[in-house]
Amino acid sequence: MDKKDSFIIEGLNGEKTLKGEISIGGAKNAILPLMASAVLFEDEVAFSNVPEIDDVERMSELLIDLGIKIETKSPKIKISANKIKSTELDYEISKRLRASVILTGPILARMGKISFPHPGGCVIGPRPIDVFLEGFKKMGAEISEKEKLYEIEALSGKLVGTKIFFKLQSVTATETFMMAGVLAKGKTVLENCAIEPEVTCLAEFLISCGAKIKGVGTTTLEIEGGELLKADGKVFENIPDRIEAGSFLILGALSADNLLIKDCKPSDLAIVIEILRDSGVPIETGKDFIQIKNNGKISNEKFKSFDLRTHEYPGFPTDLQAPMAVFLTQTTGEGIVFETIFEGRLNYAEDLKRMGADIAVWNPQKMLVKGPTSLRGKDLEGPDLRAGLAFIISATVAEGQSTIRNVHYIDRGYGQIEKRLKEIGLNIKRVQN
Ligand code: EPZ
């Protein structure tokens, strides 16, 4: 989508008139490592339930630039990496896609070298890659930094399996080294791994194609290195996006009477459902759906406030911190929001205050939200993908019209969002500036 697009939203002024059904797309943070894992295969891999989002297009461009063949027939994608013609990640694309760092593991493990730019911090924090660099050194690679490029080479031509204790539970570092271990010489033991559903999804896919990975779903993974994997024509289904499901659940809690969120996996967002239920939101769940029922007559001030602390899975996901802070502006009481994962993920609070929220930001990771406060529509600029979604929620609750600029952030992670929101009754339109 175009960089300058904006959304215009007519607020519901606290009314709960949204209703109907909204379908959840495939997980952005699962499909990106799945696509990168194609490098570990001698034959074609195929995935279904692929979301139509910009980050998938960026990852596709990165892979094509390496000489890898991609065939996209939404919602399916086929990737053939039997020939890789380069080990240099495209500078411009990698700078725009933090998840490009996931490719370093499989490329280095298969080709013995890789060069890439620092994946770049973004507004939510500096996002260093020290855990990656330390891990590759332990696997027998040498790292040189030239201008703003990293060049990494396996000294013996091949990565060597070893034991790595991650100094923090990093989602993409866990995925990167799980994949590096699949082709490394000997056994790799990873400790203090992240256990997000997206990590488990990647491991299950690799195991289904013959990878020897033990400890899936725990913080210790043991990987036996071997030859290139074979998918043998299987199509692997990507998991639903728990962050998208949680975003629409929060939107529905504040602005919907009856809303069915389908094609999702409620068990992946248990803590979000638990917290909203505790606050008073009427939620029912099934195997693949979440339903908000008879919510229209419950005014938001009947919902109780709570303290919110983001935490690695299965704790509260940092990617839903901003949307949940909007929920807190409408509940009765006060709640401390403590963002423990990233250093700069409260930037959106200033714009919420301009809308009328009562927020005291104590430091870059902690703020106090008092509610309920009524919100007025404003001209907003989402600093990142998830804050952009939070502004869609605050604009929906607010009185009057809001403009949300640079919706290209939102397009990175939420496919056809205005179409799906229109279908449940939101007055939202995309404007090309
Ligand atoms: C993944 O990012 C997700 N992205 C993020 O989603 C998500 O917010 C994050 O995990 C936490 O759940 C993808 O999966 C593509 P981390 P990741 O490494 O892996 C620090 C979204 O909106 N760190 O778990 O990059 C880091 O700075 C995105 O979809 C180091 O210090 O996050 C952060 O403070 C945003 N050194 C913390 O660890 C390193 O080498 C956790 O980051 C690596 C990370």
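Scroll up to find the structure.
Keep in mind that what you see is a predicted model, and the values were worked out from it rather than measured. (Residues numbered from 1 in each chain as written. Predicted model: local features only at pLDDT ≥ 70, side-chain atom pairs only at ≥ 80, totals over all residues. Heavy atoms only, no water.)

Q: How would you sum up the environment of threonine 17? Please name residues and give values.
A: Within the secondary structure layout, threonine 17 lies in the loop between strand 1 (6-10) and strand 2 (18-23). Using a relative accessible area of 40% as the deciding quantity, one classes threonine 17 as partly exposed. In sequence terms threonine 17 and arginine 430 are 413 residues apart; their C-alpha atoms lie 21 Å from each other. Every residue in contact with threonine 17, bar those within four places of it in the chain, is listed here: Leu12, Ser255 and Ile424. (Helix = DSSP H or I, 4+ residues; strand = E, 2+ residues; numbered from the N terminus. Buried < 20%, exposed > 50% of the residue type's maximum accessible area, 1.4 Å probe, protein only. Contact = heavy atoms within 4.5 Å.)

Q: If you had to explain the site of the ligand to someone new, which residues and values would you point to?
A: As a matter of local geometry, the ligand sits amid 24 residues, with Asp130, Ser170, Thr172, Asp319 and Ile341 nearest to it. For the ligand, an oxygen atom lies 2.6 Å from a polar atom in the side chain of aspartate 319. In the model, an oxygen atom of the ligand is placed 3.5 Å from a nitrogen or oxygen of the arginine 345 side chain. Surface burial for the ligand is 90%, taken as the share of its 830 Å² of free accessible area covered by protein chains. Per element, the largest residue contribution to the shell around the ligand is 3 residues, and it comes from helix 5 (residues 130-138). Class assignment of the residues belonging to the shell around the ligand gives a composition of 11 nonpolar, 5 polar and 8 charged. (Near = heavy atom within 4 Å. Polar contact = N/O pair within 3.5 Å; in protein donor to acceptor, adjacent residues only side chain to side chain. Areas by Shrake-Rupley, 256 points an atom, 1.4 Å probe, with all protein chains shown as cover. Nonpolar A, V, L, I, M, F, W, Y, C, P; charged D, E, K, R; others polar.)

Q: Explain the sheet that holds strand 13 (residues 235-237) to me, using residue names and the numbers behind them.
A: A sheet is described by the order of its strands in space; here 4 strands give the open sequence 4-5-3-13, paired in mixed fashion. The two strands at the open ends of the sheet, each matched to only one other strand, are strand 4 (69-73) and strand 13. For this sheet, the mean angle separating the axes of adjacent strands, direction not counted, is 20°. By the bridge criterion, 4 bridges tie strand 3 (residues 44-48) to strand 5 (residues 76-80) in an arrangement that is antiparallel. When the sheet's bridge partners are listed, phenylalanine 47 is paired in strand 5 with isoleucine 77. (Pairing = 2+ DSSP bridges. Axes fitted to C-alpha atoms, helices over the stretch in contact; angles between N-to-C directions.)

Q: Could you give me a rundown of helix 10 (residues 321-330), with the residues and numbers involved?
A: The buried fraction of helix 10 is high, at 10 of 10 residues. For helix 10, every residue scored as buried is listed here: Gln321, Ala322, Pro323, Met324, Ala325, Val326, Phe327, Leu328, Thr329 and Gln330.

Q: So what about the state of the cysteines? Which residues, and what values?
A: A complete count under the given rule lists 0 disulfides for this structure. Left unpaired, cysteine 193 is separated from the closest cysteine sulfur, that of cysteine 201, by 16 Å. The cysteine cysteine 209 is free of any disulfide, with cysteine 201 supplying the nearest cysteine sulfur at 12 Å. (Disulfide = S-S within 2.5 Å.)

Q: Describe the packing of aromatic side chains, and please don't skip the residues or the numbers.
A: Throughout the structure, instances matching the rule amount to 9 aromatic pairs. Residues phenylalanine 41 and phenylalanine 205 carry aromatic rings whose centres are separated by 5.4 Å and whose planes lie at 25° to one another, so their mutual orientation is stacked. Highlighted residues: phenylalanine 41 in the loop between helix 1 (28-36) and strand 3 and phenylalanine 205 in helix 7 (residues 197-208), separated in sequence by 164 residues. Like phenylalanine 205, phenylalanine 41 is buried. When the centroid spacing of 4.7 Å and the interplanar angle of 40° are considered together, the rings of phenylalanine 136 and phenylalanine 177 count as tilted. Taken together, the residues phenylalanine 136 in helix 5 and phenylalanine 177 in helix 6 (residues 171-183) connect sequence positions 41 residues apart. For the pair phenylalanine 136 and phenylalanine 177, one class covers both residues: buried. Three or more aromatic residues joined by ring pairs form one cluster here, namely Phe41, Phe47, Phe205 and Phe236. Between the NZ or CZ atom of lysine 366 and the centre of the ring of phenylalanine 338, over which it lies, the distance is 4.7 Å. (Phe/Tyr/Trp six-rings, centres within 6.5 Å; stacked < 30°, edge-to-face > 60°. Lys NZ or Arg CZ within 6 Å of the ring centre and 35° of its normal.)

Q: I'd like a rundown of the pairing of strand 7 (residues 141-146), residues and numbers included.
A: Pairing of strand 7 with strand 8 (residues 149-154), which is carried by 6 bridges, proceeds in the antiparallel orientation. What sits directly across from alanine 141, in strand 8, is alanine 154. Hairpin remark: strand 7 followed by strand 8, antiparallel, with 2 residues in the connecting loop; positive phi at glutamate 147, about 40°.

Q: Could you give an account of helix 9 (residues 270-279), naming the residues involved and the relevant values?
A: Those residues of helix 9 that sit buried are Val272, Ile273, Ile275, Leu276 and Ser279. With its buried residues spanning 165° around the axis, helix 9 presents them on a single face. Residues of helix 9 that are buried in the fold lie against helix 8 (242-255), strand 15 (283-285), strand 16 (289-292), strand 17 (308-309) and helix 10. The positive-phi residue at the C-terminal boundary of helix 9 is glycine 280, with phi of around 120°. (Arc of directions from axis to C-beta.)

Q: So what's going on with the packing of helix 1 against helix 7? Which residues, and what values?
A: Close contact between helix 1 and helix 7 brings their axes to 9 Å; oriented N to C, the two are set at 35°. The chirality of how helix 1 crosses helix 7 is right-handed. Counted together, Asn29, Ala30, Pro33 and Leu34 of helix 1 and Glu198, Cys201, Leu202 and Phe205 of helix 7 form the full contact between these two elements. Residue classes in the contact of helix 1 with helix 7 are distributed as 6 nonpolar, 1 polar and 1 charged. (Left-handed = near helix turned anticlockwise from the far one by under 90°.)

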